[in-house]
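The residues making up each chain are set out below.
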Amino acid sequence: MARFANILETVGNTPVVKINRLAPAGVNLYVKVEAFNPLGSVKDRLALGVIEAAERAGELKPGQTVIEATSGNTGIGLAMVCAAKGYPLVVTMAEQFSVERRKLMRFLGAQVVLTPAAGRAVGMVVKAVELAKAHGWFLTRQFENEANPDIHSRTTAREIVVDFKGERLDYWVTGYGTGGTLRGVARVLAQEMPDTRIVVCEPQDAPLLGSGLAQARHADGTPAAPHPAFKPHPMQGWTPDFIPKITADAVASGVIERVLSIPGAEAMHYSQELARKEGIFVGITAGATFAGALRVCAGAAKGANVLCMLPDTGERYLSTPLFADVPADMTEAELAISRSTPSGQFPA
Ligand code: PMP
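Here the structure is a predicted model, which is why all the values come from computation and not from measurement.

### Some remarks on the packing of aromatic side chains
Here comes step 1: With the rule as written, the count across this model stands at four aromatic pairs.
Here comes step 2: On the numbers, 5.5 Å between centres and 80 degrees between planes, the contact of Tyr-30 with Phe-164 is edge-to-face. Highlighted residues: Tyr-30 in strand S2 (residues 28–33) and Phe-164 in the loop between helix H6 (156–163) and strand S7 (171–174), separated in sequence by 134 residues. Note on accessibility: Tyr-30 and Phe-164 belong to one class, buried.
Here comes step 3: Between Phe-281 and Phe-323, the aromatic rings sit 6.4 Å apart at their centres with planes inclined by 80 degrees, giving edge-to-face as the arrangement. In this pair, Phe-281 sits in the loop between helix H9 (264–278) and helix H10 (284–298) while Phe-323 sits in the loop between strand S10 (305–310) and helix H11 (332–339), placing the two residues 42 residues apart along the sequence.

Here it is, written out as structure tokens:
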């Protein structure tokens, strides 16, 4: 660790950690823990990337308001970057995303404009575009902005190449929200580690890529209609109700070896397993990606190295189904422990 001139310098350089108790014998399974970013998710990278690219291009003026449509982590990352750099931030977010996400953004000084659940991701994007036009705000356009995959090519991909230098990396496993991680890392791996097979996971309830159906799109890359294969799923931050331009670019580049569809229950299960068996506290999409990585491990050769992205911290999901079975009151077993010695007991 060094000293840093500001919090933004601490974005990236996340650790790659070996899985011990949950990995099948004979395979080296590693996870890249993006929760180590200052605001706890992979989207801190994108936030810094899009704001600094806009500053360099002169598209963002000092003090100008920034606006984005986000399911949460992008807004939280942007709230940090905007706070550190002095830009006001407005976020549009569909109301079904977890309450702690809204509160976090507001705590960081952003304003959060909710959109009706029925409008889903497309609805919050339409609202953000409208507000940007009406008020002359800078729209970060995370789903189409090339600064999104670019920051992953410059940071996430570089870190992976360095961490596996002189060794094989047989599989790299990820999901997609915007596809920034996928597109930005995959194109570097294809160049510099061409033997690494790239595996993409998506929700079983929303197999947009697996369906093979194309996305209707406007000339600027934004979706023209929701994708027909979309159904609501519990993996907040993964697979919006359209195939983002950046994700479609990754598919079109031919770098993806296979697409896996992951059931919601499996995602929840492995998020919990990572916490309980490895002490790695991460969110639902992390559990989902990990479930995909275990499938990859099951078919991998002895001695294979597999790297799985874990996009965010589990602390973002306290009010969601991930914590539904976690009681606030003492369980019978805990009460029995309490009653096993005299002090500190509650009246029966
Ligand atoms: N998981 C979570 C929890 C996220 O918030 C995101 C970003 N929306 C992703 C995964 C996917 O990242 P990307 O946008 O780079 O595809």
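### Focus on the sheet that holds strand S3 (residues 66–69)
Here comes step 1: Spatially, four strands are ordered S5-S4-S3-S6 in an open sheet, and the strand pairing comes out parallel. Each end of this open sheet is capped by a strand with a single partner; those strands are strand S5 (111–115) and strand S6 (138–139).
Here comes step 2: Here S3 runs beside strand S4 (residues 89–94); their pairing, made up of four bridges, is parallel. Looking at the pairing, Val-66 lines up with Leu-89 of S4.
Here comes step 3: Together, S3 and S4 form the strand contacts of helix H2 (residues 73–85), whose direction differs from that of S4 by roughly 175 degrees.

### Looking at the nonpolar core
Here comes step 1: Counting 41 residues, the largest nonpolar core has Ile-51, Leu-60, Val-66, Ile-67, Val-81, Leu-89 and Met-105 as its most contacted members.
Here comes step 2: Taken together, the elements giving at least two residues each to this core come down to helix H1 (43–57), S3, H2, S4, helix H4 (120–135) and S6.
Here comes step 3: In terms of residue count, H4 provides more of this core than any other element does, seven residues in total.
Here comes step 4: For this core, the domains that each give at least three residues are domain 1 (7–36 + 157–323) and domain 2 (43–139).
Here comes step 5: Those residues within four positions of Leu-89 in sequence are excluded, and the remaining contacts are Val-66, Ile-67, Gly-75, Leu-78, Ala-79, Cys-82, Ala-110 and Gln-111.
Here comes step 6: Val-27, Ile-280, Ala-286 and Phe-290 belong to the second-largest nonpolar core, a separate cluster that totals 37 residues.

### Here we look at the domain arrangement of the protein
Here comes step 1: Each assigned domain of the protein is listed here: domain 1 (7–36 + 157–323) and domain 2 (43–139).
Here comes step 2: Between domain 1 and domain 2, the C-alpha centre-to-centre distance is 23 Å.
Here comes step 3: Taken together, the contact pairs 25 residues of domain 1 with 22 residues of domain 2.
Here comes step 4: Between domain 1 and domain 2 we count two salt bridges in total.
Here comes step 5: Arg-45 is the partner of Glu-34 in a salt bridge, and the nearest nitrogen-oxygen pair spans 2.8 Å.
Here comes step 6: Put simply, domain 1 and domain 2 have ten residue pairs in polar contact (both at pLDDT 80 or more) between them.
Here comes step 7: Residues belonging to the side of domain 1 that touches domain 2 are distributed by class as follows: ten nonpolar, eight polar and seven charged.

### So, the environment of Leu-274
Here comes step 1: Looking at the element boundaries, Leu-274 is found in helix H9.
Here comes step 2: Take Leu-274: its relative accessible area is 0%, and that puts it in the buried class.
Here comes step 3: Between the C-alpha atom of Leu-274 and that of Gly-136, which follows or precedes it by 138 residues, the distance is 44 Å.
Here comes step 4: When neighbours within four sequence positions are excluded, Leu-274 is seen to be in contact with Ile-19, Leu-22, Gly-279, Ile-280, Val-282, Phe-290 and Leu-310.

### Description of the side chain of Glu-68
Here comes step 1: With respect to the secondary-structure elements, Glu-68 resides in strand S3.
Here comes step 2: No salt bridge is formed by the buried Glu-68; the nearest opposite charge belongs to Arg-141, separated by 8.0 Å.
Here comes step 3: A polar side-chain atom of Glu-68 sits 2.5 Å from the main-chain amide nitrogen of Gln-142.

### Quick look at the packing of H9 against H10
To characterise two packed helices, one gives the angle between the axes of the helices and the distance between these axes.
Here comes step 1: Axis separation between H9 and H10 bottoms out at 7 Å; the angle between their running directions is 95 degrees. In terms of axis orientation, H9 runs roughly perpendicular to H10. Every residue of H10 that contacts H9 at Glu-266, Ala-267, Met-268, Tyr-270, Ser-271 and Leu-274 is listed here: Ile-284, Gly-287, Ala-288, Phe-290, Ala-291, Leu-294 and Arg-295.
Here comes step 2: Classifying every residue of the contact of H9 with H10 by side-chain character gives nine nonpolar, two polar and two charged.

### Comments concerning the pattern of salt bridges
Here comes step 1: Summed over the entire model, instances satisfying the criterion amount to 13 salt bridges.
Here comes step 2: Of the charged contacts in the structure, one is a salt bridge between Asp-150 and Arg-187, with a shortest N-O distance of 2.7 Å. Here Asp-150 is found in helix H5 (residues 147–154), whereas its partner Arg-187 is found in helix H7 (residues 180–192), with 37 residues between them in sequence.
Here comes step 3: Asp-150 sits in the partly exposed class, given a relative accessible area of 30%.
Here comes step 4: Classification of Arg-187 as partly exposed rests on a relative accessible area of 24%.
Here comes step 5: With its nearest N and O atoms 2.9 Å apart, the salt bridge here joins Asp-170 to Arg-168.
Here comes step 6: Residue classification places Arg-168 among the exposed residues on the basis of a relative accessible area of 51%.
Here comes step 7: Taken together, the shared-partner salt bridges in this structure form one network comprising Lys-32, Glu-34, Arg-45 and Glu-159.

Rules behind the numbers
- Residues numbered from 1 in each chain as written.
- Predicted model: local features only at pLDDT ≥ 70, side-chain atom pairs only at ≥ 80, totals over all residues.
- Heavy atoms only, no water.
- Phe/Tyr/Trp six-rings, centres within 6.5 Å; stacked < 30°, edge-to-face > 60°.
- Helix = DSSP H or I, 4+ residues; strand = E, 2+ residues; numbered from the N terminus.
- Buried < 20%, exposed > 50% of the residue type's maximum accessible area, 1.4 Å probe, protein only.
- Pairing = 2+ DSSP bridges.
- Contact = heavy atoms within 4.5 Å.
- Axes fitted to C-alpha atoms, helices over the stretch in contact; angles between N-to-C directions.
- Core = buried A, V, L, I, M, F, W, Y, C linked by side-chain atoms within 4.5 Å.
- Domains from an automatic or database assignment.
- Salt bridge = Lys/Arg side-chain N within 4 Å of Asp/Glu carboxyl O.
- Polar contact = N/O pair within 3.5 Å; in protein donor to acceptor, adjacent residues only side chain to side chain.
- Nonpolar A, V, L, I, M, F, W, Y, C, P; charged D, E, K, R; others polar.
- Lys, Arg positive; Asp, Glu negative; His and termini not counted.
- Parallel < 35°, antiparallel > 145°, perpendicular 65-115°, else oblique.

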